[in-house]
Amino acid sequence: MQGKVKFIQGNEVCVEAALYAGLEFFAGYPITPSTEIAEAMSARLPQIGGRFLQMEDEISSICAIIGASLTGRKAMTATSGPGFSLMQEALGYAVMTEIPCVIVDVQRGGPSTGLPTHVGQGDVNQARYGTHGDHAIVALTASNHQDMFAITVEAFNIAETFRTPVILLFDEVTGHMREKVVIPEKGEISLVERLRTSVESGVDYHPYLPREDGRLPMSDFGGVHRYNVTGLYHDMWGFPSDDPKIVYGLIRHLMDKIQNYTGNMTFFRQDHIEDAHTVLVSYGAAARSARHLVENRRKRGERLGLLELQTLWPFPGDVVRKVCKNADYIVVVELNTGQVIREVKLAVDRPERVYLANRIDGQLISPTDIQNILRLLHGKGV
Amino acid sequence: MEKCRLVFSGSGGQGIITAAILLAEAAVLHEGLNAVQSQSYGAQARGGAARSDVIIWDKPVYYPKVVQPNVLVCLTQTAYNKYHPTIRPGGLLITDTALVKVDKSAEARLAQLAFQDQVKQEMGNTRGLNICVLGAVAALTQIVSTPSLESAVAGRFDERFREANLKALHMGIALGSQRSSASV
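Residues numbered from 1 in each chain as written. Chains lettered and ligands numbered in written order. Predicted model: local features only at pLDDT ≥ 70, side-chain atom pairs only at ≥ 80, totals over all residues.

### Looking at the overall build of chain B
- Across its full length, chain B holds six helices and six strands.
- Listed by position from the N terminus, the elements making up chain B come as β-α-β-β-β-α-β-β-α-α-α-α.
- Taking 184 residues into account, the globule formula puts the C-alpha radius of gyration at 16 Å, and chain B, at 15 Å, falls close to it.
- With respect to the three principal axes, the spread of C-alpha positions in chain B is 40 × 40 × 35 Å.
- Within chain B, buried positions represent 49% of all 184 residues.
- Long-range pairs, those at least 24 residues apart, make up 59% of the contacts in chain B with a sequence separation of at least 6. (Helix = DSSP H or I, 4+ residues; strand = E, 2+ residues; numbered from the N terminus. Rg over C-alpha atoms; globule rule 2.2 N^0.38 Å. Buried ≥ 20, exposed ≤ 12 C-beta atoms within 10 Å, placed from the backbone. Contact = placed C-beta atoms within 7 Å.)

Next comes the structure, spelled out in C-alpha cells:
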C-alpha cells in the first residue's frame, strides 16, 4: 500500500473513505459524536463538485439521501443514537423501496440523549430491529482506522450490489480517536457502481422487474423514465398492490436478498484462535481492548484468542460457531448490557460456555477489566 | 523503544487537546512511529475539564486510553488534584507555576515551569500557552525531534499565526531544556 499517510480522526477517515467510494451527496444534522463527519463533508464535497446539505433534522436528512440516491448519486448521512431513532421510519422506506444508501451511527451512551461525549455500543439491536415490520438489514463496524476506511467503502459496495441501506455502526472512541491511516491509491479497493437499466427512453421501464440473476437495474429518477416508488407493497411497475402473491414475493425477496448472501457481506478478523481455550468475541472500540489483552497474555503463554466481528448484521453465526468450536470459554466483550452475546449464544453449540464482559458507564472497557473477568471465570479470583 | 503514555489535562479552551494532537502527529507523520490520540471532555465547549491521552510507540497500539501516564501535564489545579495520583512511579509531572500549586508528594520527577508568565510576557497574551507546553514536553521527553514538531506546528496554523506559534514552541523547548539539564 503506497497511498497517502494521514493522522486523523475516525470520523474523518469515514469521510475520506466515502469520497473514495464515489459519494456525491451528504445530508445531515450534526450531532456529537458524529459531528466531524458533517463538518468534513461540508468542506470536502464542494471541492469535488458534490453537494452537502445541512438539514433541519434527522428525518429530513435520511429522506434527502434516499431521494438523492434515487436520482443516481451515491449518498450518505451520519448521526448518533438520538438521530438514528428519528431515522428508523425512513430506513424502512429505503429497505422497502430498495434504494441504496449508507447511514453512519457513531454510537454514544443511550437511551435518549444519554451521554453525548461518551462511548456506548447500545444501538446494535436498534440497527437490526429499529424499523418496523419484517426486514433484513446490513450493519458493519470496525475498530481501527485502516479497517474503518475499507469497511466504509464496502458499505457503499454492498448498498449498490444489493440495493439496500447499509448501516455503519461506529462509536465515540473510534470516531474521535486519531491514529495513522493510509489512504489507498485509486483502484486499490474495487468499487461497485450502480447497475442501471439498459431500457431506452420511450420504452416502458419496470423498476421492480428482476433480471434473470435476480438483480433490479435502476433508472435515475427524474431522467428518461417515469415510474412510481412507494413504501406500500408494490408490483413490478412500483404501484401499490395487496395481491397476496405479490406481497409474499416481495417480503421473501427483501429477506432472501440479504440472508442468502450473508457470506458475501461477512467481514471479521481472527487472532490466535487455533489453540485458544478462551475466545474473546468483540467489535468496534471494545475489540481494541480485547486485542490489547490477547496480545499481552499470549506473550505469557496464555491460550487466549480473539474473534473481531466487522459484520454485525446479518449476524455471521456460521463463522462464530466455527471459530468458537473448541473454546472452553467464549467471552463477548461489548459496551452494552448484552446485545451481540444473544446472537453468539444462538450461534454456538453448548451456549453455557458464553459469558459477557461489558461496561455500561460511558467508559471504554479496559484490558484490565476484561482480565479481571477472565480471572473470575477461570476460577482464579481477582 | 519504551511505550510512552502521556496525559495532557487542563480546562476546555486552553488548547491542550491541540497540543496532544500535534505531538502525536509529529510522531506519526515525521518520525514514522505509531501514535493514538484520544480525548475526553464534558458537553460544554469551554471551561469544563479537558483531557487528552496520547500513546506513542514503535509497535501497534490497541487500547487507546492511558491509565497510568509516564508523562502527566496539568494546567489547572482541578486537573492536578484529579490526575496526580495516576502518574506512573518514576514518571514526569509537568505543571505551570502560575496555574497549579503542587502540594502533594508523588514518586515522580517534577517540572514546574513558568509557561503562562513567560508566554504572557513575551507575546502579550496567553494564546500560545499550549504550544509552549508542547515544546517543553518534547524537550523533556525527547520523543520527537524539534524539526518534526516544527513541521507539525507549521502545518497546523494559518500563515497569520504560524510565526507566533513557532515562537511559542521554541520558548517551550528552551524552558524544557533548561529544566532537563538541571537535576530533576
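### Focus: the interface of chain B and chain A
- Taken together, the contact between chain B and chain A spans 19 residues of the former and 18 residues of the latter.
- Counting residues per element, the side of chain B that touches chain A draws most heavily on strand S2 (residues 34-41) of chain B, which supplies seven residues.
- Within the side of chain B that touches chain A, the residues separate by chemical class into twelve nonpolar, five polar and two charged. (Nonpolar A, V, L, I, M, F, W, Y, C, P; charged D, E, K, R; others polar.)

### Here we look at the sheet that holds strand S10 (residues 268-271) of chain A
Residues and elements named next belong to chain A.
- Ordered by their spatial adjacency, five strands build an open sheet running S10-S12-S11-S14-S15, and the pairing between neighbours is mixed. Here the strands that pair on one side only, and so sit at the sheet edges, are S10 and strand S15 (354-358). Strand-to-strand, the axes of this sheet are offset by a mean angle of 20°, without reference to chain direction.
- Where S10 lies against strand S12 (residues 304-309), four bridges are found, and the strand directions are antiparallel. Among the inter-strand pairings, Phe-268 is bridged to a residue of S12, identified as Leu-309.
- In the packing of helix H12 (residues 367-377) onto the sheet, the strands contacted are strand S11 (278-282), strand S14 (329-334) and S15, and the crossing angle to S14 comes to about 155°. (Pairing = 2+ DSSP bridges. Axes fitted to C-alpha atoms, helices over the stretch in contact; angles between N-to-C directions.)

### Some words on helix H1 (residues 10-20) of chain A
Residue and element names in this part refer to chain A.
- Burial runs high along H1: eleven of the eleven residues are buried.
- Inspection of H1 places Gly-10, Asn-11, Glu-12, Val-13, Cys-14, Val-15, Glu-16, Ala-17, Ala-18, Leu-19 and Tyr-20 among the buried residues, and these make up the whole buried set.
- At the exit of H1 stands Gly-22, carrying a positive phi of roughly 105°.

### Section: the pairing of strand S4 (residues 71-74) of chain B
Residue and element names in this part refer to chain B.
- Across the two faces of S4 the burial is the same, with Val-71 and Val-73 and Leu-72 and Cys-74 all buried.
- As judged from the four bridges shared by strand S1 (residues 4-11) and S4, these two strands associate in the parallel manner. Each bridged residue has a counterpart across the sheet, and for Ser-9 the counterpart in S4 is Cys-74.
- Across four bridges, the pairing between S4 and strand S5 (residues 92-96) is parallel. Directly across from Cys-74, in S5, lies its bridge partner Thr-95.
- Following the backbone out of S4, through helix H2 (residues 77-83) and into the adjacent parallel S5, one traces a crossover that is right-handed. (Right-handed = clockwise from strand over helix to strand, strands pointing away.)

### Considering the domain arrangement of chain A
Residues and elements named next belong to chain A.
- Domain assignment breaks chain A into domain 1 (4-183) and domain 2 (267-377).
- Between the C-alpha centres of domain 1 and domain 2 the distance comes to 26 Å.
- Counting residues at the interface gives 27 residues for domain 1, matched by 20 residues for domain 2.
- Of all elements in the fold, only strand S6 (115-119), helix H5 (124-129), strand S7 (138-140), helix H6 (145-162), strand S8 (165-171) and helix H7 (172-176) reach the threshold of two or more residues within the side of domain 1 that touches domain 2.
- In terms of residues, the side of domain 1 that touches domain 2 owes the most to one element, H5, which gives four residues.
- For the side of domain 1 that touches domain 2, the residue count by class is 14 nonpolar, nine polar and four charged. (Domains from an automatic or database assignment.)

### Quick look at unusual backbone geometry
Residue and element names in this part refer to chain A.
- In this chain, Thr-32 is followed by Pro-33 through a cis amide linkage whose omega measures 0°.
- Cis geometry marks the peptide bond from Trp-313 to Pro-314; its omega dihedral reads -5°.
- Secondary-structure assignment places Pro-314 in the loop between strand S13 (311-313) and helix H10 (317-323).
- One non-glycine residue with positive phi stands out, namely His-272, at about 55°.
- Mapped onto the secondary structure, His-272 falls in the loop between S10 and S11.

### A word on the environment of A:Leu307
All names here are of chain A.
- Along the chain, Leu-307 turns up in strand S12.
- Look at Leu-307 and you get buried, because 27 C-beta atoms sit within 10 Å.
- Here the alpha-carbon distance between Leu-307 and Leu-293, two residues 14 residues apart in the chain, equals 13 Å.
- Those residues in contact with Leu-307 that lie beyond four places of it in its chain are Phe-268, Gln-270, Ile-273, Val-279, Val-281, Val-320 and Val-323.

### Some thoughts on the environment of A:Gln259
Residues and elements named next belong to chain A.
- Considering the arrangement of structural elements, one finds Gln-259 in helix H8 (residues 244-259).
- For the pair Gln-259 and Gln-371, spaced 112 residues apart in sequence, the C-alpha separation works out to 36 Å.
- Those residues in contact with Gln-259 that lie beyond four places of it in its chain are Ala-136 and Pro-314.

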